[in-house]
Amino acid sequence: MTFKKWVKVAAARSGGFSLWHRARNRDCLTVLMFHRVLPPDVAKRVDADPDYTVTPALLQSVLDFCKRHHTPVGLEDVLASREAIRPLPPYPVLVTFDDGWKDNFDYALPVLEASGVPWVLFAATEAVSQPADWWQETLLWALRSGRASYDELWAAASGNGSSRSETRGSMQSVSLLLRYGALSDEKREAVLEPYSATLREMYGGNLALDAGDLRAMRKKGVSIGAHGSSHLRLSLVDRAEKDIAAAREWLTANVDTTTENSISFPHGRYDNRSARAAREAGYRLLFTSDPVLNPCPRGWLTSDIVGRIPIDTEDVTRADGAVVEERLAPWLFLRERSALSI
């Protein structure tokens, strides 16, 4: 055991992290960010992205931890604090999910309901309006699973077999998403159909939630927010304001989300233009993927831009998937406290 790891274990077992948290984070809003929740066997069967997938057991463990060290709050509580209506309680924590996966209904909802923890689902409206064939997951799954290479997918979209981008690493998926997002619906569907057919068979149902699922979740007290329409990075699309407006219009028409007025930026990316467009569209809370604690002195949230901390399996668990408190505690408690602004 390294000295650094020994210090973390000793701090966790002695209550040191808890004491630090109690002294430091009373007036900070912690926001957790999840995406998918699947049992291990299902996640393996559908080749779910491990970077964005947790098990129901892990979700339960994180919620139990947060209930011991924080006060769970809902989106309406955060809005009330930001608008100087009602302060947040000490050590507030908000649970959020991005994208709109069907497994959020099947696996996350029962765990959160049983725990009595409120939560927010930010839905990408192109995904939930075509739940059986979300083209972005099809594209990334084909790349991630090795069923197609980056160059093959790029060439199929460009219509030029000799085309080859020098993009490498994490930007490969970004460049592919932007390239396929620029195609017509017909062209994109034609190129991806072989992969879509395989993926539909593997899932045996929808990949994403549909409008009926969202309405049912809302009736159960789940807050529904926007996650853009195209789910492309708003800082890179030509008209962020059009994308944001389309998401709001679809949710208002299909789910009646007229009260939450919050958006999570796709991929957590934003700039002055996209933030301005979101505010002009009427969104009063703008959620990002900046992994910070959000100051709320005396319970009053100081900024409408809210950072969130991702919960990634490999960062907070041991090899058997069990949560390790000496990892989870510093993962949450030691974050920078920052009032985001743009």
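Rules used in this analysis
- Residues numbered from 1 in each chain as written.
- Predicted model: local features only at pLDDT ≥ 70, side-chain atom pairs only at ≥ 80, totals over all residues.
- Heavy atoms only, no water.
- Helix = DSSP H or I, 4+ residues; strand = E, 2+ residues; numbered from the N terminus.
- Buried < 20%, exposed > 50% of the residue type's maximum accessible area, 1.4 Å probe, protein only.
- Contact = heavy atoms within 4.5 Å.
- Areas by Shrake-Rupley, 256 points an atom, 1.4 Å probe, with all protein chains shown as cover.
- Pairing = 2+ DSSP bridges.
- 1 Å grid on protein atoms, 1.4 Å probe; cavity = no way out; pocket = protein on both sides within 12 Å on 5 of 7 lines; lining within 4 Å.
- Points joined across faces, edges and corners; volume = space filled by probe spheres on them.
- Nonpolar A, V, L, I, M, F, W, Y, C, P; charged D, E, K, R; others polar.

**Describing the overall build of the protein chain**
When you go through the protein chain residue by residue, the secondary structure sums to 16 helices and twelve strands. With the C-alpha coordinates aligned to their principal axes, the bounding extent of the protein chain is approximately 60 × 50 × 40 Å. For the protein chain, the residues scored as buried account for 51% of the 342 residues in total. For the protein chain, the share of sequence-separated contacts (at least 6 apart) that also reach a separation of at least 24 residues comes to 71%. Here the protein chain displays about 14900 Å² of accessible surface, and carbon together with sulfur accounts for 51% of that area.

**Concerning the pairing of strand β6 (residues 119–123)**
Most of β6 sits out of view: five of its five residues are buried. Here β6 shows two buried faces, one formed by Trp-119, Leu-121 and Ala-123 and the other by Val-120 and Phe-122. Note: strand β5 (residues 92–99) against β6, five bridges, orientation parallel. By the bridge assignment, Thr-96 is partnered in β6 with Val-120. Inspection of the sheet shows β6 paired to strand β7 (residues 223–226) by four bridges, in the parallel sense. Counted as the bridge partner of Val-120 is Ser-223 from β7.

**Digging into unusual backbone geometry**
Positive phi is not limited to glycine here, since His-231 has a value of about 65°. Its location among the elements puts His-231 in the loop between β7 and α13 (240–254). His-231 sits in the buried class, given a relative accessible area of 8%. Even without a glycine there, the phi angle at Arg-298 is positive, about 55°. Its location among the elements puts Arg-298 in the loop between β10 (294–295) and β11 (305–306).

**Considering the environment of Val-78**
Within the secondary structure, Val-78 is located in helix α5 (residues 75–82). Under the relative-accessibility criterion, Val-78 is labelled buried at 0%. Linking Val-78 and Leu-94, residues 16 residues apart in sequence, is a C-alpha distance of 8.4 Å. Filtering out sequence-adjacent residues up to four positions away, Val-78 remains in contact with Leu-29, Val-73, Leu-88, Leu-94, Leu-285 and Leu-301.

**Here's the deal with the layout of surface pockets**
Approximately 1200 Å³ is the volume attributed to the largest pocket. Of the residues contributing to the lining of the largest pocket, the split by class is 19 nonpolar, 14 polar and twelve charged. If you add up the space inside the second largest pocket, you get close to 390 Å³. Forming the boundary of the second largest pocket are 18 residues, of which Gly-181, Ser-230, Leu-232, Val-237 and Asp-243 lie nearest the centre. Counting residues per element, the ones that place at least two in the lining of the second largest pocket are α10 (171–181), α11 (185–203) and α13. Considering only residue class, the lining of the second largest pocket consists of eight nonpolar, three polar and seven charged.

All quantities given are derived from atomic positions and should not be read as evidence of function.
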